[in-house]
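This is what each chain is made of:
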Amino acid sequence: MPSSYQKQFLKKRHSYVPLSNLKIKQIIKKATNQDITSKRRIFEGYDNEVYDITLTNTDHVILRVNHFPSAGFANEAWAMEQCPHIGIPVSEILLLDKIKYLGQEHDMMVQTKISGQSYNNISQKITPAEQKQILIKTGELMSKIHTIRVKGFYRRNPVCNSWDFPSWKKFLSVTIRDRRQEKPYITQQGFTSDEFDQMIGYIKIYQDKYPCQQPVLTHSDIGLGHVYFDEQLNIVGLIDFGESQ
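What this report covers is the structure whose coordinates are included nearby. Predicted model, so just to flag it, every value in this text is computed and none were measured.

The subject of this paragraph is the overall build of the chain. Across its full length, the chain holds eight helices and ten strands. If you line up the chain on its principal axes, its C-alpha atoms span 60 × 50 × 40 Å. The contacts of the chain with a sequence gap of at least 6 include a subset with a gap of at least 24, amounting to 57%. Total accessible area on the chain is roughly 15000 Å²; 52% of this is exposed by carbon and sulfur atoms. Averaging the coordinates of the 31 positive side-chain charges in the chain and doing the same for the 26 negative ones gives two points 3 Å apart.

So, in structure tokens, the structure goes:
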């Protein structure tokens, strides 16, 4: 369950004007050719306005609208499309588009709803042995994702299908440069200048000792709230690829 601080943060983060019922109805009609019988807003993520929507045929779909764009939904959709080829269950994307609302353009996505429950919803109901089983299966899932080869490091440019950094050395060099700029904030929290330099030194060791010649896709946000399980604790879905790199 989110803490009181998290609840306050989410409330402030989602203080924008939400989509009108008419706009939601239009989007869902375009995506599914169905009408809406009910909808429930979900306040969990940081960047998206999210709804669980029941259609007239009783199916459920998820509507997500991005209010704090960084990479938008194009990269997320691309990452999701790679997963079924290697046996990773993800939502089917029914509509990926941009909408104008209150004078601003937003990325939006309509996707099928994953069945089952997230680990966060079942964690209090399972035994330690079952928890171990879940962690092993989640590790196997991550290993599968890491077999998807990509052509560069960090973020993908969806327009030209290129990546921010062509090599491991360049990626880590820029990381070191950017982390150095954060020195004033770190020392303000009580760390000494020598301790900060030691932290940077660890990144250099990582750069030299563990070179990566073949980058692969990473989910980068695979907290167990994003992994869904059936009653037999089999993984039935992985959600939220917004941070994939």
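For the rest of this paragraph, the subject is unusual backbone geometry. The phi torsion at Y154 lies on the positive side, around 70°, for a residue other than glycine. Turning to its location among the elements, Y154 is positioned in strand β7 (residues 153–157). In this model, L233 sits at a positive phi of 65°, which is unusual for a non-glycine residue. The topology assignment puts L233 in the loop between β9 (227–229) and β10 (235–238). Judged by relative accessible area, L233 falls into the buried class, the value being 8%.

With that settled, the discussion passes to the packing of helix α6 (residues 168–180) against helix α8 (residues 193–209). Here α6 crosses α8 at 175°, and the two axes come no closer than 10 Å. Accordingly, the angle class assigned to the pair α6 and α8 is roughly antiparallel. Packed against α6, whose contacting residues are W168, K169, L172, S173, I176, R179 and R180, the element α8 presents F196, D197, I200, I203, K204, Y206 and Q207 at the interface. Looking at side-chain class alone, the contact of α6 with α8 contains seven nonpolar, two polar and five charged residues.

This part is about the environment of Y228. Examined against the element boundaries, Y228 turns out to sit in strand β9. When the C-alpha atoms of Y228 and N121 are compared, they prove to be 9.4 Å apart, with 107 residues separating the residues in sequence. Filtering out sequence-adjacent residues up to four positions away, Y228 remains in contact with I114, S115, G116, Q117, S118, N234, I235, V236, G237 and I239.

A few words on the sheet that holds strand β1 (residues 36–42). Spatial ordering of the open sheet is given by β1-β2-β3-β5-β4, a layout of five strands whose pairing is antiparallel. What marks the edges here is a single partner per strand, and that holds for β1 and β4 (93–101). The average angle at which neighbouring strand axes cross in this sheet is 25°, direction not considered. Pairing geometry for β4 and strand β5 (residues 104–112), over eight bridges, is antiparallel. Its bridge partner being in β5, K98 is matched across the sheet by D107.

The rules behind these values
Residues numbered from 1 in each chain as written. Predicted model: local features only at pLDDT ≥ 70, side-chain atom pairs only at ≥ 80, totals over all residues. Heavy atoms only, no water. Helix = DSSP H or I, 4+ residues; strand = E, 2+ residues; numbered from the N terminus. Contact = heavy atoms within 4.5 Å. Areas by Shrake-Rupley, 256 points an atom, 1.4 Å probe, with all protein chains shown as cover. Lys, Arg positive; Asp, Glu negative; His and termini not counted. Charge placed at Lys NZ, Arg CZ, Asp CG, Glu CD. Buried < 20%, exposed > 50% of the residue type's maximum accessible area, 1.4 Å probe, protein only. Axes fitted to C-alpha atoms, helices over the stretch in contact; angles between N-to-C directions. Parallel < 35°, antiparallel > 145°, perpendicular 65-115°, else oblique. Nonpolar A, V, L, I, M, F, W, Y, C, P; charged D, E, K, R; others polar. Pairing = 2+ DSSP bridges.

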